[in-house]
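A closer look at the structure
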Amino acid sequence: IQKVLAAAPDYMPGVLLAGAIQYDLGSMPQAELHLSKYLDKNPNDTYARKLLASTLLRRGQNAKAMETLDPALQASQQDPELLALAGEISMNDKHFTEASDYFEKASALAPQSAKIHTALGLSNLGLGQNATAVSQLEMANSLDKKNSQAGILLMMTYVRLKHFDRAIAVANMLEKDQPANPLLQNLKGGAYLGKNDVADASASFQKALSIDPT
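What this report covers is the structure whose coordinates are included nearby.

Digging into the overall build of the protein
Regarding its fold elements, the protein presents 13 helices and 0 strands. Along the protein, helices (α) and strands (β) appear in the sequence α-α-α-α-α-α-α-α-α-α-α-α-α when read from the amino end. Looking at the protein as a whole, 45% of its 214 residues qualify as buried. Sequence separation of 24 or more characterises 44% of the internal contacts of the protein that already satisfy a separation of 6 or more. Total accessible area computed for the protein in this model is approximately 11,300 Å², and 53% of it derives from carbon and sulfur atoms. Once the 20 positive and 22 negative side-chain charges of the protein are each reduced to a mean point, those two points are 3 Å apart.

Here is the structure:
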């Protein structure tokens, strides 16, 4: 693509593809440069707008990311990916109510998305709505049992609510797919400690250390 752009620097499909490649490579300044150039010429391209907003979010430029996303949000609220991204930006700014609103709209459009249910659960936790958070995280976990983020967040929430047996049950389920994840063993040990089961807690912590001695 660099060869294409060297010969035709204003060939917009090439500019967009260069931005997408740099994003996937983690080269955010270069991605921002290409995507901004493309959007200047194609302001109605929602895909490019979402990609640029994601780039800015990863660079910690939350306000600029939301500003970039806003024209697409004004044009349509029927894109679950767009709404979820707006929710993620709001979460980063700790605007939990706003984030929850975006995630709820996204979830209504994509009810089978474990990722969106996880994000909604996380925003509910930020609002202190533990019961709703548990419900969303349980849904995410049931939709994608290999979704470690949802499972770990669910475990942490169960422990905080003193539902230790439920936390251990989730850990046992996740262990089948992630036997080498020390975090699961560490959280499991914390749940056993909550039950005053020192022997099993010790065994879990020992297992965590055997996986990762540091």
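Side note on the nonpolar core
Nonpolar side chains in soluble globular proteins tend to be buried together. Leu69, Leu73, Ile89 and Phe103 are the most contacted members of the largest nonpolar core, which totals 38 residues. Mapped by element, the contributors of at least two residues to this core are α2 (12–25), α3 (28–41), α4 (46–58), α5 (62–75), α6 (80–92), α7 (96–109) and α8 (114–126). Ranked by the residues each element gives to this core, the list is headed by α6, at 7 residues. Those residues in contact with phenylalanine 103 that sit more than four places away from it in its chain are Ala84, Gly87, Glu88, Met91, Ile116, Ala119, Leu120 and Ser123. Counting residues in each nonpolar core, the second largest holds 20 residues, with Leu137, Leu154, Val170 and Ala201 among its members.

What to know about helix α9 (residues 130–143)
With 14 residues, α9 ought to run about 20 Å at 1.5 Å a step, and its terminal C-alpha atoms sit 20 Å apart, in line with that. Buried within α9 are the following residues: Ala133, Val134, Gln136, Leu137, Ala140 and Asn141. Down the axis of α9, the buried set is contained in an arc of 170°. They therefore lie on one face. In this structure, the buried side of α9 is in contact with α8, α10 (148–160) and α11 (164–175).

Remarks on the side chain of asparagine 124
For asparagine 124, the location among the structural elements is in helix α8. Not counting residues within four places of it along the chain, the set of residues in contact with asparagine 124 comprises Ser100, Gln129, Thr132, Ala133 and Gln136.

Notes on unusual backbone geometry
Glycine aside, the phi torsion of most residues is negative, and most peptide linkages are trans. One non-glycine residue with positive phi stands out, namely lysine 162, at about 65°. Along the chain, lysine 162 turns up in the loop between α10 and α11. Residues other than glycine seldom take positive phi values, yet asparagine 196 does so here, at roughly 60°. Considering the arrangement of structural elements, one finds asparagine 196 in the loop between α12 (182–194) and α13 (198–211).

Topic: the packing of α10 against α12
The N-to-C vectors of α10 and α12 enclose an angle of 15°; their axes lie 10 Å apart at closest approach. For the element pair α10 / α12, the angle class is roughly parallel. As α10 packs across α12, the resulting crossing turns out to be left-handed. Contact residues: Ile152, Met155, Met156 and Val159 in α10; Leu183, Leu184, Leu187, Lys188 and Ala191 in α12.

Points about the pattern of salt bridges
Inspection of every chain in the model, using the stated rule, returns 8 salt bridges. The residue glutamate 32 makes a salt bridge to arginine 59 at a minimum N-O spacing of 2.5 Å. Within this pair, whereas glutamate 32 is found in helix α3, its partner arginine 59 is found in the loop between α4 and α5, the two being separated by 27 residues in sequence. Given a relative accessible area of 11%, glutamate 32 falls into the buried group. What you see here is one network of salt bridges that share partners, running through Glu32, Arg59 and Lys64.

Regarding α12
Compared with an ideal rise of 1.5 Å per residue, which puts 13 residues at 18 Å, α12 spans 19 Å between its outermost C-alpha atoms and is within 8% of the ideal. Three or more residues of α12 are buried, namely Leu184, Gln185, Leu187, Lys188, Gly189, Ala191 and Tyr192. Where α12 begins, one side-chain oxygen reaches toward the backbone nitrogen of leucine 183, 3.0 Å away; that side chain belongs to asparagine 181. Of the residues flanking the end of α12, it is asparagine 196, one or two places downstream, whose phi is positive at about 60°.

Some thoughts on the environment of phenylalanine 205
Within the fold, phenylalanine 205 resides in helix α13. Placed 54 residues apart in sequence, phenylalanine 205 and glycine 151 show a C-alpha to C-alpha distance of 19 Å. Other than its neighbours up to four places away in sequence, phenylalanine 205 contacts Asn186, Gly189, Gly190 and Leu193.

Analysis parameters
- Residues numbered from 1 in each chain as written.
- Predicted model: local features only at pLDDT ≥ 70, side-chain atom pairs only at ≥ 80, totals over all residues.
- Heavy atoms only, no water.
- Helix = DSSP H or I, 4+ residues; strand = E, 2+ residues; numbered from the N terminus.
- Buried < 20%, exposed > 50% of the residue type's maximum accessible area, 1.4 Å probe, protein only.
- Contact = heavy atoms within 4.5 Å.
- Areas by Shrake-Rupley, 256 points an atom, 1.4 Å probe, with all protein chains shown as cover.
- Lys, Arg positive; Asp, Glu negative; His and termini not counted.
- Charge placed at Lys NZ, Arg CZ, Asp CG, Glu CD.
- Core = buried A, V, L, I, M, F, W, Y, C linked by side-chain atoms within 4.5 Å.
- Expected span 1.5 Å × (residues − 1).
- Arc of directions from axis to C-beta.
- Axes fitted to C-alpha atoms, helices over the stretch in contact; angles between N-to-C directions.
- Parallel < 35°, antiparallel > 145°, perpendicular 65-115°, else oblique.
- Left-handed = near helix turned anticlockwise from the far one by under 90°.
- Salt bridge = Lys/Arg side-chain N within 4 Å of Asp/Glu carboxyl O.
- Polar contact = N/O pair within 3.5 Å; in protein donor to acceptor, adjacent residues only side chain to side chain.

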